[in-house]
Amino acid sequence: MPGEAFEHVRKVAGETLHAAEYRTELYEHLREVEGVVWKLERAQHFHEPDTPSWVAMVSGDWDRALALMGEMRFADDLPPRAELRRLRIVETPPTPYLQWEIVLLAARTRAGERARALHARSVRHLEERTPLPELLILGPGLMYEVLYDDMGAHLGGRRITDADVIAECARIIAELYAEAEDMVAFHDREVAPLPPPSPWRILSRPGHP
C-alpha cells in the first residue's frame, strides 16, 4: 500500500527526546556519520524564533531577513564526513515561511548541502491518511522522526532503530529525491521572482497541508 512505510514510522517503537536532548545527540552523531544523511521536510511552516532572519521575516522586514541570512555560515552546519541530502516538499504558491526557507536552502545548497525541491503532487499517493512525517536518517540503524507542535515549533525527536522501517523509508526518499529538482534552480525559477511575503499572510495562522 502506498505510504505504508511512513505509517510504520508512526507505529514503530522509538524513544522520544525533548528538544535539547535531541539536538545534543544529533550533533554528536553528525560529527561521526559517514555516507549519506537523508532529511525529509513536509510541513509548510515552522516556528523558528531562535533564527534572527526568520524573526525579521515574520516581523515583515524582508530586506533585513535576507541580509541576516547572508551573514549565516551554512558550511559550518554540514556533517564533516557525510553528504546531507534534503528533500523539501513544496506546495505552491509557497507559504511565507516556505518562501523564506527556499531562499535559505538555495544558499545552503551553494554552500555544499544537496537540497532538492519536489512538488507536493508527487507525494499525494503516499499521503492517503496523513501528511508525510519529518524524517532524518543517519544510517541503516538510526532515524529520527522530528517532532513539532501545531504551530511548527520544534519539540524534539523520536529515535527509531528498526532497520526494516529505516531501510524502506530511505528507499522511498531516495526515489523521490531522484525525481526532485536542484534547489538553486527551483529557487531561481519559482521563488526569486516573487514579491516579499505580504504581512497578512505572514500573520495568518499556519497550518499543515
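Residues numbered from 1 in each chain as written. Predicted model: local features only at pLDDT ≥ 70, side-chain atom pairs only at ≥ 80, totals over all residues. Heavy atoms only, no water.

A word on the packing of aromatic side chains. Under the criterion given, the structure shown has 5 aromatic pairs. Between Tyr 22 and Tyr 144, the ring centres sit 5.2 Å apart and the planes meet at 85°, which makes this aromatic pair edge-to-face. Of this pair, Tyr 22 sits in helix H2 (residues 19-32) while Tyr 144 sits in strand E6 (residues 142-148); the two residues are 122 residues apart in sequence, bridging distant segments of the chain. Given the relative accessible area of 5%, Tyr 22 is considered buried. Judged by centre distance (5.2 Å) and plane angle (80°), the rings of Trp 38 and Tyr 177 are edge-to-face. In this pair, Trp 38 is assigned in strand E2 (residues 35-41) and Tyr 177 in helix H6 (residues 163-179), connecting sequence segments 139 residues apart. You'll find Trp 38 and Tyr 177 in the same group, each marked buried. (Phe/Tyr/Trp six-rings, centres within 6.5 Å; stacked < 30°, edge-to-face > 60°. Helix = DSSP H or I, 4+ residues; strand = E, 2+ residues; numbered from the N terminus. Buried < 20%, exposed > 50% of the residue type's maximum accessible area, 1.4 Å probe, protein only.)

Moving on, we get to the pairing of E2. On any regular strand, side chains alternate: one points to one face of the sheet, the next to the other face. For E2, a buried count of 5 out of 7 residues is recorded, marking the element as mostly surrounded by other parts of the structure. Relative to strand E5 (residues 135-139), E2 runs antiparallel, the two being bridged by 3 bridges. Counted as the bridge partner of Trp 38 is Ile 137 from E5. (Pairing = 2+ DSSP bridges.)

Glancing now at the pattern of salt bridges. Summed over the entire model, instances satisfying the criterion amount to 21 salt bridges. Residue Arg 171 pairs with Glu 175 through a salt bridge whose shortest N-O separation is 2.7 Å. Of the two residues, Arg 171 and Glu 175 are both situated in helix H6; the distance of 4 residues between them amounts to about one turn of the helix. Take Arg 171: its relative accessible area is 39%, and that puts it in the partly exposed class. Judged by relative accessible area, which is 42%, Glu 175 ranks as partly exposed. Linking Glu 190 and Arg 189 is a salt bridge whose minimum nitrogen-to-oxygen distance equals 2.9 Å. For Glu 190, a relative accessible area of 33% puts it in the partly exposed group. (Salt bridge = Lys/Arg side-chain N within 4 Å of Asp/Glu carboxyl O.)

The next thing to look at is the packing of helix H5 (residues 96-110) against helix H7 (residues 183-191). Look at H5 against H7: their axes get within 8 Å of each other, and the N-to-C directions meet at 145°. Relative to H7, the crossing made by H5 is left-handed. Of the residues in H7, those in contact with Gln 99, Ile 102, Val 103, Leu 105, Ala 106, Thr 109 and Arg 110 of H5 are Met 183, Val 184, Phe 186, His 187, Asp 188 and Val 191. Along the lines of polarity and charge, the residues of the contact of H5 with H7 split into 8 nonpolar, 3 polar and 2 charged. (Axes fitted to C-alpha atoms, helices over the stretch in contact; angles between N-to-C directions. Left-handed = near helix turned anticlockwise from the far one by under 90°. Contact = heavy atoms within 4.5 Å. Nonpolar A, V, L, I, M, F, W, Y, C, P; charged D, E, K, R; others polar.)

Turning next to the sheet that holds strand E7 (residues 154-160). Pairing is mixed in the open sheet, where 8 strands are placed in the order E1-E7-E6-E5-E2-E3-E4-E8. One side of each edge strand has no neighbouring strand; the edge strands of this open sheet are strand E1 (15-18) and strand E8 (181-182). For strand E4 (residues 114-119) and E8, the ladder comprises 2 bridges, and the chain directions are antiparallel. Paired with Arg 116 across the bridge in E8 is Asp 182. Sheet contacts for H5: E2, strand E3 (82-90), E4 and E8; angle to E3, the most-contacted strand, approximately 155°.

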